Amino acid sequence: MKFTKKKLIVFGLLLLTTFLVVNFATPIAQAKQRVITVWHALPKKHIPLFESLILEYQSTLHNMARFEIIAFKTPEQLHNKLIKSKERPDIALIDAKWLKAIKGKSDLVCIEDFIKSNIGNSVFISFKNDTFKSMWKNSKHGGKLIAMPFCASNRALLIDTRALEMLKMKKHPRMWGDLIVVGKKYMKDGSEMRSEKVWAFHIPAGEKPEALAAFFQVFLWQIDRDVVEPFLGVDLAGFDSAESKRVLAMLVDMVHKHKIVSVEAVDKEKAMMFVGTPKDYLFLNQTGGNIKVVPWPGKRRSKNDLTVYSFVMFNSNDKNKLEKMWNMIYHVCEFRSALKWSLATPYLPPNKQVTLSPDYFSFLEGNPGMRTFLQQLKNSHLAPMDARRAVVMRILGQHLKMALAKEMAVEDSLNLAADKCNKLFDPDGRYRKKKEELRALGDLVMMVWDMDYGLDDIKSAIDQN
């Protein structure tokens, strides 16, 4: 068989192509495909949807990258791994209250700088304007956006409307005194419902100490206090003030004097009123409950608690990989994905435009109580968390339980808990001593002021001037 010049050229090209495919194609493909790890601790029920959103983006990459998704059983396990272990994912969906602690242990990509440098300032401003302020603010560290908000949850007061109607009460409780009045009336006149709703109000006294401490923390925010407060550059316990003790005394009275609350472990659904999440509300509303959702009792626009779940990116020298990591986060957080997630889960979307869409409007029509949770985002507050503060919450919760059970006096319980917590922050007692000196000086100044410059003197001085 004779080979013409043309056939020889074609044959040679075929041989060359075969050589290139065999020797280079597989290594090049392997070099291009990047494995990107994603860690999270979402509830098992919502994992398939979460993974599908990520895989939607992966399908657009034509085998250039593969996402390895690892689910932790609890958020605590996830945060412990990120803080205590040297192993790191590429992306993690975290509870933003741990952001500062994780940032202190890892080299995180500054989301704000990344967007501005790679996409543009106008896109960053668009993100900012479309995100609820409380979620945006609590995904920042050092004045910049470090994490990308994905969803959130907060709590409000859930009330069985049938009980209000039975008691012939048209208004819901707006202050804690109102709640006690309603609760006492229910315990007296609500015998028709008592087999179903045993208690008037629910306090998480039977739950983990940390849950009770988190509940009490909101009361402290309402009186402009906090569990931990800064003092001369260090943290000290802030829950042992006279105002804090009055709050705890009120809760103790709810149990023992007014008898509207159980100190035992009781399901919150067994109470006429309880502080619950969107998940609690949606479950009750979709199972035939007549539930009204109203803001936490307290001052108008007083703070309520917030949980924000945000994505963080761990730094890499591979710019191409970082780009794909960001694009995945963008895909999962953008309008269509956020709407899909918000309609199928009990979480609040970070995007304002999602809440204004026709589909979400229909969702709100069927679940009107969700509007209260969204409205409360204006004054929702997130408390930072780290290893020491977690211990503080456990110690506080344990002593709150003892006070509620009347195993310890209110003042003793908070003083003892504060003393234990302050030893963590201030082992040698130097700052505690200084704080006590200033507190004593303040008490002295007020006493002198009251004696020498009483209200009549102040009024007279004002009149004269």
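Residues numbered from 1 in each chain as written. Predicted model: local features only at pLDDT ≥ 70, side-chain atom pairs only at ≥ 80, totals over all residues. Heavy atoms only, no water.

Caption draft 1: Layout of the overall build of the protein. In terms of helices and strands, the protein carries 21 helices and 14 strands. Each of the 465 residues in the protein was classed as buried or not, and the buried ones make up 48%. In the protein, once contacts between residues fewer than 6 apart in sequence are set aside, the share between residues at least 24 apart is 74%. When the accessible surface of the protein is totalled, it reaches about 24800 Å², and 55% of it is carbon and sulfur. (Helix = DSSP H or I, 4+ residues; strand = E, 2+ residues; numbered from the N terminus. Buried < 20%, exposed > 50% of the residue type's maximum accessible area, 1.4 Å probe, protein only. Contact = heavy atoms within 4.5 Å. Areas by Shrake-Rupley, 256 points an atom, 1.4 Å probe, with all protein chains shown as cover.)

Caption draft 2: Quick peek at the confidence of the model for the protein. The predicted model of the protein has a mean per-residue pLDDT of 88, with 88% of residues at 70 or higher. No element of the protein has a lower mean pLDDT than helix H21 (residues 455-464), which averages 42, and none a higher one than strand E3 (residues 91-95), which averages 98. Counting interchain partners and residues more than four positions distant, the pLDDT-below-50 stretch residues 6-30 has four contacts. Considering only residues more than four positions removed or in separate chains, one finds that residues 444-465, a stretch of pLDDT under 50, has five contacts. (pLDDT = per-residue confidence, 0-100.)

Caption draft 3: Region of the structure containing the pattern of salt bridges. For the structure shown, the criterion picks out 23 salt bridges. The salt bridge partner of Asp189 is Lys185, with a shortest N-O separation of 3.2 Å. Of this pair, Asp189 and Lys185 both sit in helix H9 (residues 176-189), four residues apart, which is roughly one turn of that helix. Overall, Asp189 belongs to the partly exposed group, its relative accessible area being 38%. Where Glu243 meets Arg225, a salt bridge forms, and the shortest distance between an N and an O atom there is 3.4 Å. Taken together, the positions of Glu243 in helix H11 (residues 242-256) and Arg225 in the loop between helix H10 (209-222) and strand E9 (228-231) put the pair 18 residues apart, joining distant regions of the chain. Overlapping salt bridges bring together Asp160, Arg162, Glu196 and Lys197 as one network. (Salt bridge = Lys/Arg side-chain N within 4 Å of Asp/Glu carboxyl O.)

Caption draft 4: Quick peek at the pairing of strand E13 (residues 304-313). Of all ten residues that make up E13, nine are buried, and the element is covered over most of its length. The pairing of E3 with E13 spans five bridges and is classified as antiparallel. When the sheet's bridge partners are listed, Ile94 is paired in E13 with Ser310. Note that E13 and strand E14 (residues 380-381) share two bridges and pair parallel. Its bridge partner being in E14, Asp305 is matched across the sheet by His381. (Pairing = 2+ DSSP bridges.)

Caption draft 5: Representation of the side chain of Ser241 in the model. By secondary structure assignment, the location of Ser241 is in the loop between strand E10 (234-237) and H11. There is a polar contact of 3.3 Å between the side chain of Ser241 and the side chain of Glu243. Within the local environment of Ser241, its side chain forms a polar contact with the side chain of Ser244, the two groups lying 2.8 Å apart. (Polar contact = N/O pair within 3.5 Å; in protein donor to acceptor, adjacent residues only side chain to side chain.)

Caption draft 6: Highlighting the sheet that holds strand E12 (residues 291-294). An order of E8-E11-E7-E12 is seen for the four strands of this open sheet, with the pairing classed as mixed. Because the sheet does not close on itself, it has two edges, and the strands there are strand E8 (199-201) and E12. Each strand of the sheet is rotated relative to its neighbour by a mean of 25°, with strand direction disregarded. Note that strand E7 (residues 156-160) and strand E11 (residues 271-276) share four bridges and pair antiparallel. Bridging from a neighbouring strand, Leu158 pairs with Phe274 of E11. (Axes fitted to C-alpha atoms, helices over the stretch in contact; angles between N-to-C directions.)

Caption draft 7: Main features of unusual backbone geometry. Located in the positive-phi region is His62, a residue other than glycine, with phi close to 50°. Note on placement: His62 falls in the loop between helix H2 (47-58) and strand E2 (65-71). In this structure, Lys259 takes a positive phi of about 55° despite not being glycine. The residue Lys259 is located in the loop between H11 and E11 in this model. For Lys259, a relative accessible area of 52% puts it in the exposed group.

Caption draft 8: Summary view of the environment of Arg66. Summarising the element assignment, Arg66 is placed in strand E2. Residue contacts for Arg66: discarding those within four places in its chain leaves Gln33, Arg34, Val35, Ile36 and Gln58.

Caption draft 9: How the structure looks around the state of the cysteines. Summed over all chains, the structure comprises zero disulfides. The thiol of Cys151 is unpaired, and the distance to the nearest cysteine sulfur, on Cys333, comes to 8.8 Å. Its relative accessible area of 7% is what places Cys333 among the buried residues. (Disulfide = S-S within 2.5 Å.)

Caption draft 10: Here's a closer look at the nonpolar core. Membership of the largest hydrophobic core comes to 78 residues, with the highest contact counts inside it found for Phe201, Ile203, Phe216, Phe239, Met254 and Met272. Not counting chain neighbours up to four residues away, the residues in contact with Phe216 comprise Phe239, Ser244, Val247, Leu248, Leu251, Leu396 and Leu400. Counting 36 residues, the second-largest nonpolar core is a separate cluster that includes Tyr57, Phe114, Phe311 and Leu322. (Core = buried A, V, L, I, M, F, W, Y, C linked by side-chain atoms within 4.5 Å.)

Caption draft 11: Inspection of helix H12 (residues 278-286) at higher detail. All of the buried residues along H12 are Pro278, Asp280, Tyr281, Leu282 and Leu284. Check the buried side of H12 and you find it contacts strand E6 (148-154), E7, E11, E12, helix H16 (358-366) and helix H17 (370-375). Following H12 by one or two positions, Gly288 adopts a phi angle in the positive range, close to 90°.

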